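Observations on the model geometry
Below, each chain spelled out in residue letters.
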Amino acid sequence: MTSGPHPSPPPSVMGEGVHSPARRIGDTMLSVDNISLAFGGVKALTDISFDVREHEIRAIIGPNGAGKSSMLNCINGVYTPQQGRIRFDGQTFTSMDPHKAATMGIARTFQNIALFKGMSVLDNLMTGRNLKMRANLLAQAFYVGPNRREELEQREKVEQIIDFLQIESVRKVPVGRLPYGVQKRVELGRALAAEPRLLLLDEPMAGMNIEEKQDMCRFVLDVNDEFGTTIVLIEHDMGVVMDISDRVVVLDYGKKIGDGTPDEVRSNQAVIDAYLGVAH
Amino acid sequence: MLYRESGQFKTTYAADQQLFPIRQDRYAIGLLLAVAFVVIPLFASSYWLTALLIPFLVFALATLGLNILTGYAGQLSLGTAAFMAVGAVAAYNFQLRIPGMPILVSFILGGLTAALIGIAFGLPSLRIKGFYLAVATLAAQFFIPWLLVKVSWFSNNSASGVITAQPIEILGFAFDSPPRKYLLVLTIVALMALAAKNMVRSSIGRAWMAVRDMDVAAEVIGIRIMRTKLIAFAVSSFYCGVAGALYAFAYLGSVEPDGFNLDLSFRILFMVIIGGAGSILGSFLGAAFITLLPIFLDVLLTEGAAALNLNLPSGMTSMAQLVVFGALIIFFLIVEPHGLARLWQILKEKLRLWPFPH
């Protein structure tokens, strides 16, 4: 349940937006200032700035090759931008590194599933909690004291996430054997296992049928609602984006061409041109 | 029918996370340990112990070491024999140069020395992967035996670097007969196998497999790639180092650095591949396959020829043995490229249903 400063809103009738935007959106948590990234001569991102507020769902959209995934990669330190700064949680970085991003509570999923294929669902999720594990190598080798305690504690936490995502029946199955939709869900689970404050989702619904998309939307909204996790997501399904996100950033050819609420973005001429093309 | 876990409910995570969650497995491993620790030392001949079981256990330990590095952490290495050499020579020198040094401590220090060398030769893994890394570890394989021969201090100035291992004595008890040596090796191997199993089911093991399966994702969830790989090299070399010390002290008695050649490294790599990469059990199966099967085949062919009154030319059986052995390797790799451990796993899944089809 909500536990923010605002009283929880009255239950809204389905149809007038999936959740009320008055919810608990807080101050700016992440801001990207003037980020530019180039691979040799290819400019992937040019002078991008936007911010993400606490507890909101922020979508990044744009045609293929617009630089959406590169943007996420800059935020969690997989890529180092040539220019610009990233401010997260009051600290400013000219470049993140992935480990630091993880310790600061940024988790993500990948466009092409990046699970550990040889490991079971349970082990994948347990790996997601590796930063919470402290036992030293000897304790692990003898499986004594702190290590045994830690394994059991973390297992309990992981089981809560398995419950939440309704993947109990496959918990011991190697993820390589699972169908695509379930793998996507497990990857979300692995990111959630870290108890992130900011969750970056790279096309969580790509390649799914309508039922799977609905399930995934429900999970994303529930994560946002129940855990208060801030979410940045990249998605191509405009219906989904317009329904679940609070604000949308639009990129095209590495430039920002729109930013605002779904309604504002929908009526933005530059965005329409980028998606539908214009006569020259 | 017999191998069915119905009715064995787990009510705690502790029960679910124990080493052998299925009761039949616990009985089986208990029986196996009883046979290994009690029956074999009582009844096995000293030929069996010294020529078959001790080398099998020593190679199983080295295979375990390489399996941690290659099977779990995904880093290909061809330097296994070199790390064994480091362990053997280091343990020898600790025994030789520090009076009153307990032999077990020497083994551990030998392993730790190998671990340090392993870390040094693991550094290239931070930049290169796969076959290229294997070539980089070849450097260890060529450099270390050469160094051990070249610098005669390591072998206490003996000819061609041969070291003669000191007798094994623990708290005044001499491990001089084959059954005693066998028991010592068995105890060390059993404990280290248990430790390996525990590591691979704890967070370090998950980190190894994460780096093996998808290193970018591993990095993003906060695993330090460099640290994880170097720990894998260290632990793996520790196992190889102890195996090398046992190879010298409990198996051969005296070894020369040239004995730890590339051929030995390849043998151990084959044990990993045939047994099953990423499996503790597979390390034992692979070591058994490569060390025991040729001898078994040899006996079988010789006896078989004698029983059938065939007058085979001399050398025929030993060549036939090589042919059959090679054919068996190919057969098993075609049947199950993931190794004997996977075959065993499939068999267990079948056994759960047997004799009913569903």
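Cut-offs applied
The residue numbering used here restarts from 1 in each chain and proceeds along that chain's sequence as written. A letter from A marks each chain and a number from 1 marks each ligand, given out in the order of writing. Side-chain atom pairs in this predicted model are given and counted only at pLDDT of 80 or more, local residue features only at pLDDT of at least 70, and totals for whole chains, interfaces and linings cover all residues. Side-chain numbers here rest on the full set of heavy atoms in the structure, without hydrogens or water. Definition used in this section: a nonpolar core is a set of buried Ala, Val, Leu, Ile, Met, Phe, Trp, Tyr and Cys residues joined via side-chain atoms within 4.5 Å. Between buried and exposed lies partly exposed: a residue is buried under 20% and exposed over 50% of the maximum accessible area for its type, with that area taken using a 1.4 Å probe on protein chains only. In this analysis, two residues are considered to be in contact whenever any of their non-hydrogen atoms come within 4.5 Å of each other. Any Lys or Arg side-chain nitrogen found within 4 Å of a carboxyl oxygen on Asp or Glu counts as a salt bridge. We count a stretch as a helix when DSSP gives it H or I for four or more residues in a row; a strand needs E for two or more, and each element gets its number in order from the N terminus. For helices, the fitted axis covers only the stretch in contact; all axes are lines through C-alpha atoms, and the angles between them, taken along N-to-C directions, range from 0 to 180 degrees. Throughout this description, any angle smaller than 35 degrees is read as roughly parallel, any larger than 145 degrees as roughly antiparallel, any in the 65 to 115 degree range as roughly perpendicular, and the remainder as oblique. The sense of a crossing depends on the near helix, which, turned anticlockwise from the far helix by less than a right angle, makes the crossing left-handed and, turned clockwise, makes it right-handed. What counts as buried area is the accessible surface, traced by a 1.4 Å probe, that two parts surrender upon association, with contributions from both included. Pairing of N or O atoms within 3.5 Å defines a polar contact, subject to two protein rules: one partner must be a possible hydrogen donor and the other a possible acceptor, and residues neighboring in sequence count only if both atoms are side-chain atoms. Each residue gets one label: Ala, Val, Leu, Ile, Met, Phe, Trp, Tyr, Cys and Pro are nonpolar, Asp, Glu, Lys and Arg are charged, and the others, such as Gly, are polar. The pairing criterion for strands is at least two bridges between them, as found by DSSP. Each pair of aromatic rings taken from Phe, Tyr and Trp, with Trp reduced to its six-membered ring, is defined by centres within 6.5 Å and is described as stacked if the planes are under 30 degrees apart, edge-to-face if over 60, and tilted in the remaining cases. Here, a charge over a ring means that NZ of Lys or CZ of Arg falls within 6 Å of the ring centre while also lying within 35 degrees of the ring normal.

Another aspect to go through is the nonpolar core. With 106 residues, the main nonpolar core has Leu61, Met84, Trp208, Tyr239, Phe249 and Phe260 of chain B as its most contacted residues. Discounting chain neighbours no more than four positions away, the residues touching tyrosine 239 of chain B are Leu61, Leu64, Gly65, Ile68, Met192, Ala195, Ala196 and Met199 of chain B.

Pairing between side chains of opposite charge can happen when the charged atoms of each approach one another. All names here are of chain A. A complete count under the given rule lists 25 salt bridges over all chains for this structure. With a closest N to O distance of 3.0 Å, arginine 266 and aspartate 263 form a salt bridge. Taken together, the residues span about one helical turn, with arginine 266 and aspartate 263 both in helix 9 (residues 262–266) at a distance of three residues. Residue class for arginine 266 comes out partly exposed when judged on its relative accessible area of 47%. Through salt bridges with shared partners, a single network forms among Asp51, Glu56, Arg58, Arg247, Lys256 and Asp259.

Now for the packing of helix 4 (residues 80–97) of chain B against helix 6 (residues 130–150) of chain B. When two helices pack together, their arrangement is given by the angle between their axes and by how far apart the axes lie. Residues and elements named next belong to chain B. The interhelical angle for the contact between helix 4 and helix 6, taken along N-to-C directions, is 30 degrees, at an axis separation of 8 Å. Considering the angle they form, helix 4 stands roughly parallel to helix 6. Of the two elements, helix 4 crosses helix 6, and the hand of that crossing is left-handed. Every residue of helix 6 that contacts helix 4 at Thr80, Ala81, Ala82, Phe83, Ala85, Val86 and Val89 is listed here: Ala140, Gln141, Ile144, Pro145 and Leu148.

This paragraph deals with the interface of chain B and chain A. Tallying the contact residues gives 30 residues for chain B and 36 residues for chain A. It is Arg206, Val220 and Ile221 of chain B that lose the most area in chain B upon contact with chain A, and together they represent 25% of the buried surface on that side. Our count for the chain B to chain A interface comes out at three salt bridges. Measuring nitrogen to oxygen at the nearest pair gives 2.7 Å for the salt bridge that ties arginine 155 of chain A to aspartate 16 of chain B. At the surface where chain B touches chain A, the tally comes to 13 residue pairs in polar contact (both at pLDDT 80 or more). Among the elements that line the side of chain B that touches chain A, the one with the most residues is helix 8 (residues 203–213) of chain B, at seven residues. Taken together, the residues of the side of chain B that touches chain A sort by class into 17 nonpolar, five polar and eight charged.

Let us look at the sheet that holds strand 9 (residues 247–252) of chain A. Neighbouring strands of a sheet are bound in pairs by backbone hydrogen bonds; such pairs are parallel or else antiparallel. Residues and elements named next belong to chain A. The sheet built from six strands is open, its strands ordered 6-7-8-3-9-10 with mixed pairing. Each of the sheet's edge strands pairs with one partner strand only, and the pair in question is strand 6 (106–108) and strand 10 (255–260). Each strand of the sheet is rotated relative to its neighbour by a mean of 15 degrees, with strand direction disregarded. Of the strand pairs in this sheet, strand 3 (residues 57–61) and strand 8 (residues 230–234) are connected by four bridges, and their pairing is parallel. When the bridges of strand 8 are listed, isoleucine 57 appears paired with isoleucine 231. Sitting on the sheet, helix 6 (residues 180–193) touches strand 6 and strand 7 (198–202), and the angle it makes with strand 7 is about 160 degrees. Its contacts with the sheet place helix 10 (residues 269–276) against strand 3, strand 9 and strand 10, and it is angled at close to 125 degrees to strand 10.

A few words now on the packing of aromatic side chains. Here the structure, examined in full by the defined rule, presents 15 aromatic pairs over all chains. Their ring planes at 55 degrees and their centres at 6.0 Å tell us that phenylalanine 164 of chain A and phenylalanine 219 of chain A sit as a pair that is tilted. Note that phenylalanine 164 of chain A is positioned in helix 5 (residues 145–165) and phenylalanine 219 of chain A in helix 7 (residues 210–226), a separation of 55 residues in sequence. Phenylalanine 164 of chain A sits in the buried class, given a relative accessible area of 16%. Among the residues examined, phenylalanine 219 of chain A registers a relative accessible area of 6% and is labelled buried. Here the aromatic rings of phenylalanine 107 of chain B and phenylalanine 249 of chain B are separated by 5.3 Å at their centres, their planes lie at 75 degrees, and the arrangement is edge-to-face. With phenylalanine 107 of chain B in helix 5 (residues 103–122) and phenylalanine 249 of chain B in helix 10 (residues 225–252), this pair connects stretches of sequence that are 142 residues apart. With respect to class, phenylalanine 107 of chain B is no different from phenylalanine 249 of chain B; both count as buried. One cation-aromatic arrangement involves arginine 108 of chain A over phenylalanine 110 of chain A; the distance from NZ or CZ to the ring centre is 4.4 Å.

Residue and element names in this part refer to chain A. Of the strand pairs in this sheet, strand 1 (residues 28–39) and strand 4 (residues 83–88) are connected by five bridges, and their pairing is antiparallel. Across the sheet, the residue bridging to aspartate 33 is arginine 85, located in strand 4. Pairing analysis gives three bridges linking strand 4 to strand 5 (residues 91–93), with the strands arranged antiparallel. Of the residues in strand 5, the one forming a bridge with arginine 87 is threonine 92.

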